[in-house]
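Working through the structure, step by step
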Amino acid sequence: MPIPRDRRARLATYAVFAVQGLTFATLLTQVATLQKKHGLTDGELAILLLVAPVVAGVGSVLAGVLAARFGSRRVLRPAQPFTCAAVVLAGLATDVPTLVAAVVLFGLGLGTVDAGMNMQGVAVERRYGRPVLTGFHALWSLAAVIGALWASAAADTGLSLAATFAIALVPAAVASIAAAAWLYGPAEERTRSSGVTPETRVANDASRVPWRPVIPLCLAMAFLYVGDSSISNFGSVFMEKVTHAPAGVVPLALGAYQATTFLVRIGGDFAVRRYGPAAIVRIGAVVATLGFAAIVTASAEVWAIAGFALTGIGLSVIAPQSFSAAGRLDPTGSGVAIARVNMFNYVGFIAGAALVGGIADATDYRIAFAAPLALAAVIIVLARGFRPADRAASRTRVRPT
């Protein structure tokens with residue numbers, strides 16, 4: 001049974017995930033407003049949007065290096081308020097150079113926090129001795145929905161962009177700072193059964209995590225985010241240009257995807273406990289492949305929306321299980337493997353935007369969505385790479401006393 005210390009750490013990690021989801025959605029839902037405010041062309045906006053994931057990859061690598069030495073709590077404590085502040089700075093920006101600087105800072109913080117919060121989530125899961133990581137991602141999704149709803153409500157009040165950001169993210173930053181006190185410290189994050197203590201830990205933790213077993217997790221993460229990126233960036237365009245859906249129906253594609261992602265993540269941990277991570281990833285990949293097949297073959301908006309919903313169901317479980325498996329592959333609990341997997345989040349997001357957008361320009365959106373379909377099918381094969389991590393869990397699992 002978990003001890004009170006572990007329950008506090010779990011609550012604190014929930015808070016960190018929630019703040020991150022709120023921060024992400026608060027900025028991303030205002031992209032069109034930022035474009036209008038600064039007079040950006042579609043091409044300039046596309047470049048700006050690619051800056052964040054590129055820099056986020058750097059932030060993820062940085063988090064891995066720092067967390068291996070100092071623990072993820074020391075990384076998260078300054079990084080998350082920093083990320084909130086970067087979003088507020090984007091709202092305050094009066095010129096494009098300042099906006100670009102704010103987006104760079106946001107990307108750096110985004111990658112750092114994404115890696116750090118999953119390190120904490122894996123540490124909680126390890127000490128609980130059962131899957132709990134999908135629940136953290138479910139709360140991230142819920143907070144992102146709340147952020148979108150706040151953006152919609154704020155638009156009707158006449159608030160400035162800076163005020164809209166600050167009202168949501170100043171309290172969020174305060175909550176993050178408060179939660180940091182309950183996060184696990186370096187000694188608590190380590191895998192005690194590995195025989196590694198903070199006193200004997202050395203700076204070359206990365207050398208203890210071989211790349212080979214982590215590669216299937218990295219590829220699964222990248223292919224997942226190719227699909228996620230294609231839906232986030234081009235789902236509404238697909239609805240408009242392929243199914244000729246009316247304006248009121250177009251947003252339902254992304255809405256169906258986000259809703260099923262959240263709903264499945266609520267019960268995802270229970271499914272993993274019953275069937276194991278490899279089986280859940282394989283089933284998720286099959287469902288996602290069927291979802292993309294429905295999108296590609298859709299002749300009407302209802303069929304397309306059903307496809308987007310199915311895709312959300314399938315893809316929702318893959319990211320949490322990738323992080324969880326990476327954590328179990330790390331013999332020291334250093335977070336290095338998690339940082340590596342997290343970096344492919346941004347690789348997939350960038351590749352998805354370029355791949356689907358490029359194919360659509362050359363052919364059409366129906367053919368373009370066949371690319372994430374094919375990559376989702378590859379995850380079915382990659383799911384076997386989650387099995388060794390599952391066996392490693394039995395060797396490194398820690399039951400608090």
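You'll find the structure just up there.
Residues numbered from 1 in each chain as written. Predicted model: local features only at pLDDT ≥ 70, side-chain atom pairs only at ≥ 80, totals over all residues. Heavy atoms only, no water.

With that settled, the discussion passes to the side chain of Gln 35. Of note, Gln 35 is situated in helix α2 (residues 31-38). What makes Gln 35 buried here is its relative accessible area of 17%. (Helix = DSSP H or I, 4+ residues; strand = E, 2+ residues; numbered from the N terminus. Buried < 20%, exposed > 50% of the residue type's maximum accessible area, 1.4 Å probe, protein only.)

Before going further, it helps to examine the packing of helix α4 (residues 72-92) against helix α7 (residues 161-180). Running from N to C, α4 and α7 point in directions that differ by 175°, and their axes come no closer than 8 Å. The orientation of α4 with respect to α7, classified from their angle, is roughly antiparallel. Here α4 contributes Arg 73, Arg 77, Gln 80, Pro 81, Cys 84, Val 87, Val 88, Ala 90, Gly 91 and Leu 92 to the contact with α7, which in turn contributes Leu 161, Ala 162, Phe 165, Ala 166, Leu 169, Ala 172, Ala 173, Ser 176, Ile 177 and Ala 180. By residue class, the composition of the contact of α4 with α7 is 15 nonpolar, three polar and two charged. (Axes fitted to C-alpha atoms, helices over the stretch in contact; angles between N-to-C directions. Parallel < 35°, antiparallel > 145°, perpendicular 65-115°, else oblique. Contact = heavy atoms within 4.5 Å. Nonpolar A, V, L, I, M, F, W, Y, C, P; charged D, E, K, R; others polar.)

Another aspect to go through is the environment of Ser 316. Along the chain, Ser 316 turns up in the loop between α12 (301-315) and α13 (318-329). By relative accessible area, Ser 316 is classed as buried at 1%. Sequence-distant contacts of Ser 316, that is, excluding residues within four places in its chain, are made with Thr 261, Val 264 and Arg 265.

The next subject is the environment of Ile 283. Tracing the backbone through its elements, the reader meets Ile 283 in helix α11 (residues 277-297). Taking relative accessible area as the criterion, Ile 283 reaches 47% and is therefore assigned partly exposed. A sequence separation of 33 residues divides Ile 283 from Val 250, and the C-alpha atoms of the two residues are 28 Å apart.

The next subject is α2. The periodicity of an α-helix, 3.6 residues per turn, causes residues three or four places apart in sequence to face the same way. Within the span of α2, buried status applies to Val 31, Leu 34, Gln 35 and His 38. Each buried residue of α2 sits inside an arc of 100° when the element is viewed along its axis, so together they form one side. Residues of α2 that are exposed and point over 90 degrees away from its buried face: Ala 32 and Lys 36. Residue Gly 39 follows α2 closely and has a positive phi angle near 65°. (Arc of directions from axis to C-beta.)

Another point: unusual backbone geometry. The backbone of His 244 sits at a positive phi, close to 55°, despite the residue not being glycine. Mapped onto the elements of the fold, His 244 is located in the loop between α9 (215-241) and α10 (252-275). Looking at His 244, the relative accessible area reads 62%, which means it is exposed.

On the surface, Val 286, Leu 290, Leu 310 and Ile 313 cluster together to form a nonpolar patch covering roughly 300 Å² of accessible area. Going through the elements one at a time, α11 and α12 are the ones with two or more residues in the nonpolar patch. Along the chain, Leu 310 falls in helix α12. (Patch = residues over 30% accessible without salt bridge, like charges linked within 9 Å, V, L, I, M, F, W, Y side chains within 5 Å. Areas by Shrake-Rupley, 256 points an atom, 1.4 Å probe, with all protein chains shown as cover. Salt bridge = Lys/Arg side-chain N within 4 Å of Asp/Glu carboxyl O.)

Scanning all chains against the criterion turns up seven aromatic pairs. A centroid spacing of 5.5 Å and a plane angle of 45° characterise the contact between Phe 24 and Trp 140, whose relative ring orientation is tilted. Within this pair, whereas Phe 24 is found in helix α1 (residues 4-28), its partner Trp 140 is found in helix α6 (residues 133-155), the two being separated by 116 residues in sequence. Every member of this aromatic cluster is reached through a ring pair, and the members are Tyr 14, Phe 17 and Phe 136. Over the aromatic face of Phe 270 sits the side chain of Arg 273, whose NZ or CZ is 4.8 Å from the ring centroid. (Phe/Tyr/Trp six-rings, centres within 6.5 Å; stacked < 30°, edge-to-face > 60°. Lys NZ or Arg CZ within 6 Å of the ring centre and 35° of its normal.)

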